[in-house]
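Chain by chain, the residues:
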Amino acid sequence: MAAAEETAEGGGGELERRVMEVVKASEERGDPPLARAVEVGRCVQEKGLGFPSPELGHVLVSNLCFSHNAPSFWKLLDQAMSSRLIAPLHTLALLTARVIPHRRAQPEAYRLYLELLSRYALSPPSMEAGPCRDKPDKFNGLLERLQFIESRKSASQALLSANDNLDSLSANVQKAMDWEYQINKHQLLGVMIDAGPSSYLSCHSSGTGRAACWISFDLFMENAMDGRQLHTISAAEILTELTKSLKDREPLEGPIPHLDARLCMLLSIVPLSIVPLVKEEYEMPSLISKGITKSYGNGTEENNFASRKHGLVSSLQVLAQFSGLLLPPPSVVNAANSAASKAATFFSNLKTGGGNLGVPNRNDSSVKAVGNMLHLIVEACIARNLIDTSAYFWPGYVVPSAPSKDSLLVQESPWSTFMEGAPLNGSLKNALMVTPAISVVELEKLYHIALNGSEEEKSAAAKILCGASLVRGWNIQEHVARIVVKLLSPPVPPNPSVSGSGSHLIGHMPMLSAILFGVSCGDIVHILSLYGVIPEVAAALMPLCEAFGSLPPPPNHGSSISDETSVYAVFSCAFLFLLRLWKFYKPPQEHCMAGRGGTVRTELTLDYLLLMRNTRIALQNSSAMGRMDSIADPLHSTPSQPVYIDSFPKLRAWYFQNQACIASTLSGLCNKNPVHQVANKILKMIYRKMTKAGTVSGNPSSTSSSSISGSPVNTTEDAHQRPTFPAWEFLEAVPFVLEAVLTACAHGRLSSRDLTTGGHGMMLKGFFKKVMGISGLRDLVDFLPASLATIISYFSAEITRGIWKPVPMNGTDWPSPGATLLSVESEIKEILASAGVHIASCYPRGMPPMLPLPMAALVSLSITFKLDKSLDCTHGIVGQALENCATGSSWPSMPIIGALWTQKVRRWHDFIVLSCSRSPFTRDKDAVAQLIRSCFSSFLGPSITEGSHFSANRGVHGLLGQAMADQGLRLPIAPGFLYLRTCRTFHDTHFVTELILKVVIEWANKLGNEWACSGPARLRSGRLSLAAAISRVQEVAMLGANLLCIAGGILLVQVLYEESLPTLLLSSGEGKLVGAGPVSNILEGYVMAYTLILSGAFVWGIGNTSPAYTSVYSSRRARVIGIHMDFVAAVMEGNISVGCDPAMWKAYVSCFVGLLVTFVPTWVPEVKQGTLHKLASGLRGWHEYDLALLLLERGGAAAMDALVESVL
C-alpha cells in the first residue's frame, strides 16, 4: 500500500511507463549512465516537471526496490542524484524506508545504499528547497532510520567509516525540517499540469478517496436515467468519450419505474462503451510492438489481451466478491439463473465430451444453476467479444441449484421452435414475446416476416420484436432497436398498386400499429434514447403522421383505442409518440436567453432532430461512421435520403400553427372559413347544449359571440353528426374550440365539470371507452387522442400569458386537494431541507388553494385518465406537460397538482412528492444557490480541515446518496440527486454558470489558505499538504465542470469560455476573497483553468471522437476555443488589461496552456496560427520556454516556422 501511494504521489503510471521504456532502450544500446540520465531527464521535461523531480525519484526507487535491482540501475540512480535530476535527501528518504527492512534479504542493495548515503549525506540543504511538495513524514522516517543506524554503527565497520557522513546527514535533514518552506511557483505549476485530469495522482492522493475520479461517470449514469431528457446520440458514444477524459434511485413506484432502462445501461450500454476503448488499445501498433499485450487463456494468438481488456477481466473477477451488490431484482432472477445455467451446461458438455466447447448448447435447459447480476454482466461482455467463455472457469462462477421435481425436464427454447418453421400462432407468439431472442439470425427472420408475412403474421412479428427482445434482450438489444426503427419506414414496393405519397404505408397498417403501440409502452422511449436513435425515430414517424393524418375515419368511428388498427388510432399513436421526442408545448420564454438571443439549453426541437438525422445520413453515405460500427445496422440497408419538414405539408402546417398558438393569442375566424365549420362540428359533438347555428368565439374577453348557449341538440342527431374529417383538419380547428369553451367557462356560461367531462364528475372506467352520453374535453380526447397535444399546447401557452383569473379548488366547482395539500407541502420542505435547501411556505395559512383557469382545466382533465399500460403514450405526454406548466407559471401550482394526484394514485405518493420538490428551483435563485453549494459541501465535506479524507458522508456517496429501497422515500435526499432532477428547470442559466464558477474559486481559496497557514513545518505534518491541496482542487474543478455541463450542456460551456471566465479575469477584484495569499491566487488560477478544460472536454470530446459524436458536440469547439485563445493572447500582448491578481493570471494561463497541450492537444491545431505565436511569445517572456515550444509543436505543420524561430 505504501508503495502504491508513493507511486501515486510520484506522478502516476504514465511517467513510470515512459521512464522504464527509455531505460530499457538505453540498456540495450549500451549507453553510459550519463546518457541514460539525459534520456530520463527528457521524459521528465516532456511531462512539464522541473528539477529536481520528486516524481522521478519515486519512479526510480520503486523500480529499483526490487523489481529492477541491477547494478546498471543503481548507477543510473547515482547519476540522477549527482546531476540533481532528483533530490538526494528525498531519494535517500525513499531508499531508507525500502532498503533497511530488507537489508538481510538484499545485502547487495544495502551495501549500495550505504555507498549512496556516504556520498550524498553532505548535500547542501539549499539544493533541497526546490521540490514543490512538503514531505515532513518522509523526513521523520529518515531521521528514525538514521537513529537506528546510529544505535547499530558499533557493530559494523562500514557504518563506523561513515560516522561523520551520518552525523552531517542528520543535521542537514533537521535543518530542512526546521526551515520555513519557500514555494517555487514554477515547479508548483508543473506539478499541477502533471497531475492532470487522467493522472493517477488525482484519483488516489487524498481528498474524497479513490471514487472521486469517477464522479463524472457517476453523474452521467444517474443523469442518463432521467427519462424526461432524451438523448440524440448513443449513451455508449458519450460514455466512451467520458471514459477517455447503477443505482435504483426512484422511490417505490412511479408512472415509469425505469428499471428496464437501468438494466439497459448496465448490461448493454456500458459494454458497448468499453468495446472501442479496448479495441483502440489492442489495435495500437506502438503497444503491440513494445510487448505490452499479455497472454491470457489458452495462449493462442486470438487470446492476446491488451492491458485494458485484462483489466476488465480482473475487475469482473473482483466484482464477484461483492455478493451483496449482485443480487438481481425480482423480475430479473430468471434471466440471471438462465445465464448461470448456460455456464453450467457448458461444463456438462465438457464433462460428457459432447457439444461445441466454444458455443454452449443454448437449447439444453436440463442443467440448472443459481445466477446473479455477475452472470448477466459476463454474458453481456461475451456477446460483445470483450471476454470469452473461459470466464466459466472462474472459481465459484457456477453454483448448481437444488434439485427440483422438474429438474429433469428439458424445456426447449421457443426460439428454436420458431427457427424450425413453426407458425406464429397464439401460444408461440406469447412465448416469444416474453423470451428475448438469442442472436441476430432470429431478428432477421422476424424482420422479413413483419414486412412480407400475412396480416396476422406481420402484427405478431412486430409485437414480438417490441417485447422481451427489445426490453431485456441485453446481448442483442442494440440490433433490436435498429430493426424496430427500420420497420417504422417500410420500403416502397417496386410496383405499388396504389399511387400517392405514403400510400404503401396503408398496407402495413397492422404491423405499424403493433410497432407504435409496442414502443409507446413503459420506458422503451428511454431505451431508444440511450441508443441514440431518437433522430431516426422522428424521421420515421413523420411520413406516418402525414399519411394517416390525411385519411378520414369511418363514418361510425367513436373511439380510437377500441380498435388499434383504425386510422385515427394509428395516427394518434404516431403523432403523440413524435411529440414525446421534443418539447412541443414550450412557451416562448423557455426558448430564449435574455441578452443573447439564443436557446437557453440544448432542448430538442423537431428541426434539430431532423438536422441530427440528416447529418448522420451524410456520414453513413460517406462510410465515415467510425465507432458507430459497434452499433451498426444488422441488415446493412442501403443509404437513406435526407428528410425535411417541407416534404410533409400537413405536418408542416400544424407545426407552424402550434408555434403561432404558443407565441400569441388566436385571431378570430369568419363563419365561412372551413376551419370555423370544423370547429363548430367538434363543439356540437362534445357539448349537447350547443346550438345548431352557434359560432366560435375568437376573443377570450368576448361573451356575446360564444356558441355555448341556446337550445339543446338532439342526442340521436349528435351521434350521427360526429365529424369524419382527416386528423389534420380536426387538429387545425381544436385551438379555436378550446378558446371558445375556456372563455365560456370563465364567464359562467359553462360549468367546470361540463368543460372537462360533460357533467360526469365520477372517474371514468375506461379512458377510451365509447360512451355516447359523455361530453367535454374527455370526449374530444376519446374521439381523437392526438387532440391531447393541442390541448396541452394551448393551455400551456395560456397559463404563461397570465390573463386568466384563478379559480378556487374547493371540491365544488373544481377538485379539491383538501388536507393533502398541507401534508404535501410539508414533505416538500422536509425533502429540500434534507438536501440543504430551505424555502418559505408556498401558501399562507388560511388562503384557499387556487389555480389559473387553464391549469385547473388541464389538471382536472388529467386525473380522469385511467392508469392503463396501453395508455403510456398519453401519460408520457400529460405528465411532463403538467410539470412544465406548473414550473412555467408564476403561480405556486405544483403542490396542488401533487396533492390531487396523490389522492388519485396513493401508491405513487413518494414519486409525486419528490417530483413536486423540483418546482421551487424554477424561479427561486436563492434555492438554486443553496442547492449548488450543498452539492460541493456534500462531495468535498463541510470543512476542509477535517482530519479524515475518507469520511462516509463525502464523495459520490455524499453527493448522490444511496439507493431508495422498498421502504419508501427516506431522508435525507442527496443534493446531487436533487440537482440532476432539477437542473434543467433552472431559468437563469447565466446565474448558474457564474455561481458555479464563484463556488469553485471559493473552495480553491480555502484550500490555499489552509495550506499556507502559519506554524512550524514540523507541525504541518498533521495538516493539509500541498499535494493534498492540489488533489482537492482538482476534485473541486471536476465537480464544478460536471454540474455546469449537466445543467446547460454545450451552450453553458460556451458562455463560460466566451463571457463568464473572461469577465471574472477582467474584473477589478472588488469583493476579493478575504485572506487570499500567493498560494491561494495560484490555486484559484489553476482551478479556473482546470474547470474550463474539463467542461470543454466533457461536451466536445478530447480528440479522436467518432464523426457522429463530432457532429453533435464538437462542431462549435474550434470557434469557442479560438475566441477564448484570442482573448488570452490579447492580454499577453498588453492590448487588454486584466483586473485579477497577477499571480492568478499567470497561474491560469500557464495551467490552461499546459493542460491544453497535454490533455487535449487535438484542440491546438484548430486555433489561428497568429494567436498561437502571440501566446508562445508571451510564455517565453515569462521564461516558460518549454511550454511555449510545446504549444507550437502541437500547432501542426503550419506552426513549424515559428517553432524553428523559437528554437534558434
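What counts, and at which threshold
- Residues numbered from 1 in each chain as written.
- Predicted model: local features only at pLDDT ≥ 70, side-chain atom pairs only at ≥ 80, totals over all residues.
- Heavy atoms only, no water.
- Helix = DSSP H or I, 4+ residues; strand = E, 2+ residues; numbered from the N terminus.
- Buried < 20%, exposed > 50% of the residue type's maximum accessible area, 1.4 Å probe, protein only.
- Areas by Shrake-Rupley, 256 points an atom, 1.4 Å probe, with all protein chains shown as cover.
- Polar contact = N/O pair within 3.5 Å; in protein donor to acceptor, adjacent residues only side chain to side chain.
- Salt bridge = Lys/Arg side-chain N within 4 Å of Asp/Glu carboxyl O.
- Phe/Tyr/Trp six-rings, centres within 6.5 Å; stacked < 30°, edge-to-face > 60°.
- Patch = residues over 30% accessible without salt bridge, like charges linked within 9 Å, V, L, I, M, F, W, Y side chains within 5 Å.
- pLDDT = per-residue confidence, 0-100.
- Contact = heavy atoms within 4.5 Å.
- Core = buried A, V, L, I, M, F, W, Y, C linked by side-chain atoms within 4.5 Å.
- Axes fitted to C-alpha atoms, helices over the stretch in contact; angles between N-to-C directions.
- Parallel < 35°, antiparallel > 145°, perpendicular 65-115°, else oblique.
- Left-handed = near helix turned anticlockwise from the far one by under 90°.
- Expected span 1.5 Å × (residues − 1).
- Bend = angle between axes of the 7 residues up to and from the residue.

### Quick word on the overall build of the protein chain
Argument step 1. Within the protein chain, the secondary structure is distributed over 54 helices and 4 strands.
Argument step 2. Counting every position in the protein chain, which comprises 1208 residues, the buried fraction comes to 57%.
Argument step 3. About 47,500 Å² of surface is accessible on the protein chain, with carbon and sulfur atoms providing 55% of the total.

### A few points about the environment of W804
Argument step 1. Tracing the backbone shows W804 in the loop between α37 (787-801) and β3 (806-808).
Argument step 2. On the accessibility criterion, W804 (10% relative accessible area) is buried.
Argument step 3. Here E798 takes part through its side chain, which lies 2.8 Å from a polar atom of the side chain of W804.

### Quick word on the pattern of salt bridges
Argument step 1. According to the stated counting rule, one finds 20 salt bridges in the structure shown.
Argument step 2. D646 is paired through a salt bridge with R652; the nearest N and O atoms lie 2.8 Å apart.
Argument step 3. On the accessibility criterion, R652 (35% relative accessible area) is partly exposed.
Argument step 4. As a salt-bridge pair, E798 and R801 come within 3.0 Å of each other at their nearest N and O atoms. Taken as a pair, E798 and R801 lie in helix α37 at a separation of 3 residues, close to a single helical turn.
Argument step 5. Take R801: its relative accessible area is 23%, and that puts it in the partly exposed class.
Argument step 6. Through salt bridges that share partners, E14, R17, R18, E21 and E46 make up one connected network.

### A look at the environment of T743
Argument step 1. Assignment of secondary structure puts T743 in helix α34 (residues 727-746).
Argument step 2. Residues T743 and W804 lie 61 residues apart in sequence; the distance between their C-alpha atoms is 9.3 Å.

### A few points about the packing of aromatic side chains
Argument step 1. This structure, assessed with the given rule, holds 27 aromatic pairs.
Argument step 2. Here the aromatic rings of F347 and F393 are separated by 5.2 Å at their centres, their planes lie at 70°, and the arrangement is edge-to-face. Of this pair, F347 sits in helix α18 (residues 333-352) while F393 is found in the loop between α19 (373-383) and α20 (414-419), placing the two residues 46 residues apart along the sequence.
Argument step 3. With 5.5 Å between their ring centres and 70° between their planes, Y1086 and Y1090 make a pair best called edge-to-face. Of the two residues, Y1086 and Y1090 are both situated in helix α48 (residues 1078-1100); the distance of 4 residues between them amounts to about one turn of the helix.

### Structural notes on unusual backbone geometry
Argument step 1. Even without being glycine, N385 reaches a positive phi, approximately 60°.
Argument step 2. Examined against the element boundaries, N385 turns out to sit in the loop between α19 and α20.
Argument step 3. Positive phi is not limited to glycine here, since H1183 has a value of about 65°.
Argument step 4. In this structure, H1183 sits in the loop between α52 (1169-1181) and α53 (1185-1194).

### Notes on a nonpolar patch on the surface
Argument step 1. On the surface, V318, F322 and L325 cluster together into a nonpolar patch covering about 310 Å² of accessible area.
Argument step 2. Examined against the element boundaries, F322 turns out to sit in the loop between α17 (307-319) and α18.

### Points about the confidence of the model for the protein chain
Argument step 1. Here the protein chain averages 75 in pLDDT, while 70% of its residues score no lower than 70.
Argument step 2. In this model, residues 285-305 is a region of pLDDT below 50 whose contacts with residues beyond four sequence positions or in other chains number 28 contacts.

### Some details on the side chain of H508
Argument step 1. Within the fold, H508 resides in the loop between α25 (477-487) and α26 (509-519).
Argument step 2. Using a relative accessible area of 11% as the deciding quantity, one classes H508 as buried.
Argument step 3. Setting aside anything within four residues of it in sequence, one finds H508 in contact with L451, K458 and P490.

### Topic: the nonpolar core
Argument step 1. The biggest cluster of nonpolar side chains holds 278 residues, and the ones touching the most others in it are W582, F936, Y979 and Y1148.
Argument step 2. With 20 residues, helix α47 (residues 1026-1066) is the largest single contributor of residues to this core.
Argument step 3. Y1148 has contacts with L1061, L1065, G1085, M1088, A1089, L1092, H1124 and V1128, leaving out every residue within four places of it along the chain.
Argument step 4. Residues V19, V22, A80 and A109 belong to the second largest nonpolar core, which totals 37 residues.

### Here's the deal with the packing of helix α4 (residues 54-64) against helix α6 (residues 88-99)
Argument step 1. Axis separation between α4 and α6 bottoms out at 10 Å; the angle between their running directions is 30°. With respect to α6, the element α4 is oriented roughly parallel. Note on packing geometry: the crossing formed by α4 with α6 is right-handed. For the pair formed by α4 and α6, the contact residues are P54, G57, H58, V61, S62 and L64 on the first element and H90, T91, L94, L95 and R98 on the second.

### Considering the side chain of N1042
Argument step 1. Checked against the element boundaries, N1042 lands in helix α47.
Argument step 2. By relative accessible area, N1042 is classed as buried at 5%.
Argument step 3. Residue contacts for N1042: discarding those within four places in its chain leaves I215, S216, L219 and F1098.

### Focus: the environment of G776
Argument step 1. Mapped onto the elements, G776 comes out in the loop between α35 (752-756) and α36 (777-783).
Argument step 2. Spatially, the C-alpha atom of G776 lies 5.1 Å from that of I686, the residues being 90 residues apart in sequence.

### What to know about α47
Argument step 1. Relative to the 60 Å expected for 41 residues at 1.5 Å per residue, α47 spans just 28 Å between its end C-alpha atoms, considerably shorter than the ideal helical length.
Argument step 2. Of all the bends in α47, the largest measures some 120° and sits at G1049.
Argument step 3. Of all 41 residues making up α47, 36 are buried, and the element is well covered by its neighbours.

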